[in-house]
Amino acid sequence: MIYDRFKAAVSRYDCGKFCSPLNDGSPVCCSTQHAVPVVDKAEYKFLKSRTDLWHTFKPYDAATRQIVAELHHSCCAIECKGARHCERDNRSVACRAFPFYPYITRQGEFVGLGTYWTYEDRCWLISNMRVVEREFAQEFVAAYEYIFSKDPEEYATMKSHSAAHRRVFSRRNQAIPLIGREGGFLQVLPRSGRILPLPASRLPKFGAYVSQAAYRKAIKDAGGDDEVTFTATLRL
Ligand code: SF4
Ligand code: SF4
């Protein structure tokens, strides 16, 4: 089963501690107010055979109704009981991979890990890609190689998602940062799609995570005074 081969921690930090103070105390990717896990129906069946952690997601507004309406017939949207009830071994592939997706070039090559850029303002990890463990990236690549070998629809979805990423970042005139499948970081240049190495010192930061001062201000604006979280961030 793929879960046995894709279980490495994304980093040695509990990154939910860094994003949750800006999201009413809940990790952004564990709240369906922000991210709705989408799984293959076979994966949902498998999860239900192991745990009662998950139930079918009920859309609550126009945006979430659209997410559900646009799902491929082999997929479904699900929701867990929340971060306090998380069962590490019963996380979906979507949970394990977040905030990364397999980036595929125009020519169809799976070259590394891209980020779900629409979360860049809220997800601390997207602004701190240098903390991602090599073992996680290796397991991610192996897991998606396996998924693509079984499921051409998923490959087509990720290829199209990568093309959308190139379009958005070309409009912004920004390079797409990637974790290379062989290690290190890469950048996909806007418009040409050319791929070059990216020094870790030039990895981008976004939103409240651009600086310690911005993070401190965002925590204050959110009504928090969590010095522990802030101190942990300072150590990075
Ligand atoms: S992956 Fe991003 S959104 Fe999810 S817990 Fe970590 S920092 Fe928060
Ligand atoms: S199963 Fe765990 S990681 Fe996945 S959404 Fe729920 S709390 Fe988050």
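Up top is the structure these notes are about.
To keep things clear, this report deals only with the structure shown in the data block.

## Let's talk about the overall build of the protein chain
Part 1 of the argument: Regarding its fold elements, the protein chain presents nine helices and eight strands.
Part 2 of the argument: The C-alpha atoms of the protein chain give 18 Å as radius of gyration, which agrees with the globular expectation for 236 residues (18 Å, within 12%).
Part 3 of the argument: With the C-alpha coordinates aligned to their principal axes, the bounding extent of the protein chain is approximately 45 × 45 × 35 Å.
Part 4 of the argument: The 236 residues of the protein chain split such that 44% are buried.
Part 5 of the argument: Across the protein chain, the fraction of contacts at a sequence separation of at least 24, relative to all contacts at a separation of at least 6, is 67%.
Part 6 of the argument: With the model as given, the accessible surface of the protein chain reaches about 12700 Å², and the carbon-plus-sulfur share is 52%.
Part 7 of the argument: Across the protein chain, the mean location of the 34 positive side-chain charges is 4 Å away from that of the 26 negative side-chain charges.

## Topic: the state of the cysteines
A covalent bond bridging the sulfur atoms of two cysteines is what the word disulfide describes.
Part 1 of the argument: Across all of its chains, the model carries zero disulfides by this definition.
Part 2 of the argument: There is no disulfide at Cys-75, and the cysteine sulfur nearest it, in Cys-76, is 7.3 Å away.

## Things to note about the site of ligand 1
Part 1 of the argument: Near ligand 1, the surroundings consist of Cys-15, Gly-16, Cys-19, Pro-27, Val-28, Cys-29, Phe-98, Pro-99, Cys-123, Trp-124 and Leu-125.
Part 2 of the argument: By residue class, the composition of the shell around ligand 1 is 10 nonpolar, one polar and no charged.

## As for the site of ligand 2
Part 1 of the argument: Residues in contact with ligand 2, as listed here, are Cys-30, Trp-54, Cys-80, Gly-82, Ala-83, Cys-86, Arg-91 and Cys-95.
Part 2 of the argument: Classifying every residue of the shell around ligand 2 gives six nonpolar, one polar and one charged.

## Here's the deal with the side chain of Ser-127
Part 1 of the argument: Tracing the chain through its elements places Ser-127 in the loop between β5 (110–115) and α6 (134–150).
Part 2 of the argument: A relative accessible area of 3% means that Ser-127 is categorised as buried.
Part 3 of the argument: Here the side chain of Ser-127 touches Phe-206 through a polar contact of 2.9 Å, landing on its backbone nitrogen.
Part 4 of the argument: Ignoring anything within four residues of it in the chain, the contact list for Ser-127 reads Glu-120, Pro-204, Lys-205, Phe-206 and Tyr-209.

## Observations concerning the pairing of strand β4 (residues 100–104)
Part 1 of the argument: Burial analysis of β4 places five of its five residues in the buried class, which makes it a mostly covered element.
Part 2 of the argument: Of the strand pairs in this sheet, β4 and β5 are connected by five bridges, and their pairing is antiparallel. Bridged to Phe-100 within β5 is Thr-115.
Part 3 of the argument: If you look at the hairpin formed by β4 and β5, you'll find five residues sitting between the two strands, and Gly-108 has a positive phi there, around 95 degrees.

## Concerning the sheet that holds strand β7 (residues 185–188)
Neighbouring strands of a sheet are bound in pairs by backbone hydrogen bonds; such pairs are parallel or else antiparallel.
Part 1 of the argument: Read from one edge of the open sheet, five strands run β4-β5-β6-β7-β8, paired in antiparallel fashion. Of all strands in the sheet, those bounded by a partner on one side alone are β4 and β8 (195–197). In this sheet, neighbouring strand axes are inclined to one another by 40 degrees on average, regardless of whether the strands run parallel or antiparallel.
Part 2 of the argument: Each of β4, β5 and β6 (176–180) touches α6; the most contacted strand, β5, lies at about 115 degrees to it.

## Quick notes on the packing of α6 against helix α7 (residues 152–172)
Part 1 of the argument: Packing of α6 against α7 leaves a shortest axis separation of 5 Å and a crossing angle of 120 degrees. On the basis of their axis angle, the class for α6 and α7 is oblique. On α7, the residues touching Tyr-144, Ile-147, Phe-148 and Lys-150 of α6 are Pro-152, Glu-154, Tyr-155 and Met-158.
Part 2 of the argument: When grouped by side-chain class, the residues that make up the contact of α6 with α7 number six nonpolar, no polar and two charged.

## Things to note about the pattern of salt bridges
Part 1 of the argument: Going through the model one piece at a time under the given rule, you end up with six salt bridges.
Part 2 of the argument: Two residues, Arg-181 and Glu-145, come together in a salt bridge whose shortest N-O distance is 2.7 Å. Within this pair, whereas Arg-181 is found in the loop between β6 and β7, its partner Glu-145 is found in helix α6, the two being separated by 36 residues in sequence.
Part 3 of the argument: Between Glu-182 and Arg-181 there is a salt bridge, with the nearest N and O atoms lying 3.8 Å from each other.
Part 4 of the argument: Given the relative accessible area of 69%, Glu-182 is considered exposed.
Part 5 of the argument: The network of salt bridges with common partners includes Glu-145, Arg-181 and Glu-182.

Reading guide: rules and limits
Residues numbered from 1 in each chain as written. Chains lettered and ligands numbered in written order. Predicted model: local features only at pLDDT ≥ 70, side-chain atom pairs only at ≥ 80, totals over all residues. Heavy atoms only, no water. Helix = DSSP H or I, 4+ residues; strand = E, 2+ residues; numbered from the N terminus. Rg over C-alpha atoms; globule rule 2.2 N^0.38 Å. Buried < 20%, exposed > 50% of the residue type's maximum accessible area, 1.4 Å probe, protein only. Contact = heavy atoms within 4.5 Å. Areas by Shrake-Rupley, 256 points an atom, 1.4 Å probe, with all protein chains shown as cover. Lys, Arg positive; Asp, Glu negative; His and termini not counted. Charge placed at Lys NZ, Arg CZ, Asp CG, Glu CD. Disulfide = S-S within 2.5 Å. Near = heavy atom within 4 Å. Nonpolar A, V, L, I, M, F, W, Y, C, P; charged D, E, K, R; others polar. Polar contact = N/O pair within 3.5 Å; in protein donor to acceptor, adjacent residues only side chain to side chain. Pairing = 2+ DSSP bridges. Axes fitted to C-alpha atoms, helices over the stretch in contact; angles between N-to-C directions. Parallel < 35°, antiparallel > 145°, perpendicular 65-115°, else oblique. Salt bridge = Lys/Arg side-chain N within 4 Å of Asp/Glu carboxyl O.

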